[in-house]
Amino acid sequence: MAAPDAARRAELEGLLRNDCGACHGGRLHGGLGPALTPAALAGRDPAALAATILAGRPGTPMPPWRGLLSEEDARWLAERLIMGERNDAP
Ligand code: HEC
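Just so we're clear, the structure is a prediction, and the values are computed from it rather than from any experiment. Every chain is numbered independently, its residues counted from 1 as its sequence is written. Only residues with pLDDT of 70 or above have their local features reported here, since the model is predicted, and side-chain atom pairs are shown and tallied only from 80 upward, although totals for entire chains, interfaces and linings are computed over all residues. Side-chain metrics rest on all non-hydrogen atoms present in the structure, leaving aside hydrogens and water.

A. Region of interest: the site of the ligand. For the ligand, the set of nearby residues contains 19 residues, the closest of which are Cys20, Cys23, His24, Arg57 and Met62. For this analysis, a polar contact is any N or O atom pair within 3.5 Å, provided that within protein one partner can donate a hydrogen and the other can accept it, and provided that sequence-adjacent residues contribute only side-chain to side-chain pairs. Here a nitrogen atom of the ligand sits 2.7 Å away from a polar atom, N or O, in the side chain of His24. Separating an oxygen atom of the ligand from a side-chain N or O atom of Arg57 is a distance of 2.7 Å. Here a strand is any run of E in DSSP of at least two residues, a helix any run of H or I of at least four, and the numbering for each starts at the N terminus. Only α1 (6-24) and α3 (46-55) provide two or more residues apiece to the shell around the ligand. A total of five residues in the shell around the ligand trace back to one element, the largest contributor, which is α1. Partitioned by chemical class, the residues of the shell around the ligand number twelve nonpolar, four polar and three charged. The criterion for a residue being near a molecule or strand is simple. One of its heavy atoms has to lie within 4 Å of it. Polarity classes work like this: nonpolar for Ala, Val, Leu, Ile, Met, Phe, Trp, Tyr, Cys and Pro, charged for Asp, Glu, Lys and Arg, and polar for all others, with Gly in that last group.

Laid out in structure tokens, this is it:
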């Protein structure tokens, strides 16, 4: 399956700001959930972060996003979080 296109990436940016931001902070500097900035996530495995996004963390407030997000969406989000806003190459 293909990586999310530009329109989908714009939707995912909105999700990050609004939904994820509700817990992780509007600028993802942390809140109820930990910071999701490039500095906080340096050296992390994008596949592992994508798995956390899809499955959530049972026993914590981090909800599962499977159903709303495809594997490709989650992978793009993980890489976007690790790299910061530079991850908008076509
Ligand atoms: C209801 C609150 C809430 C929402 C909404 C939420 N998260 Fe989380 N998230 C958390 C919490 C709390 C943790 C820490 C869980 C733990 O203790 O391991 C977490 C952990 C994570 C982690 C793992 C961080 C690490 O360092 O291992 C990632 C990645 C993540 N969230 C991404 C997202 C994304 C992307 C979204 C939006 C699609 C999102 N979260 C929405 C609460 C939330």
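B. Structural detail: the coordination of the iron atom of the ligand. Counted as donors are N, O and S atoms no farther than 2.8 Å from the metal, or 3.2 Å for Na, K and Ca; water is not among the atoms, and sites may therefore look incomplete. Distances from the iron atom of the ligand to its protein donors, namely His24 (NE2) and Met62 (SD), fall within the range 2.0 to 2.2 Å. For the iron atom of the ligand, the six donor atoms in the first shell make angles of 86 to 179° at the metal, a pattern classed as octahedral. Of this pair, His24 sits in helix α1 while Met62 sits in the loop between α3 and α4 (71-83), placing them 38 residues apart in sequence. Between buried and exposed lies partly exposed: a residue is buried under 20% and exposed over 50% of the maximum accessible area for its type, with that area taken using a 1.4 Å probe on protein chains only. Assessed through its relative accessible area of 10%, His24 is described here as buried. All geometry calls rest on donor angles, where a four-donor set with angles between 85 and 135 degrees is tetrahedral, four- and six-donor sets with opposite donors more than 155 degrees apart and all others between 65 and 115 are square planar and octahedral, and all else is irregular.

C. A look at the nonpolar core. Think of a nonpolar core as a cluster: buried Ala, Val, Leu, Ile, Met, Phe, Trp, Tyr and Cys residues, connected wherever their side-chain atoms sit within 4.5 Å. In this structure, Leu15, Leu16, Leu41, Ile53, Leu69, Leu77 and Leu81 are the most contacted members of the largest nonpolar core, which totals 19 residues. Contacts between residues were defined by any pair of non-hydrogen atoms, one from each residue, lying within 4.5 Å. Not counting chain neighbours up to four residues away, the residues in contact with Leu16 comprise Gly21, Leu28, Leu77, Arg80 and Leu81.

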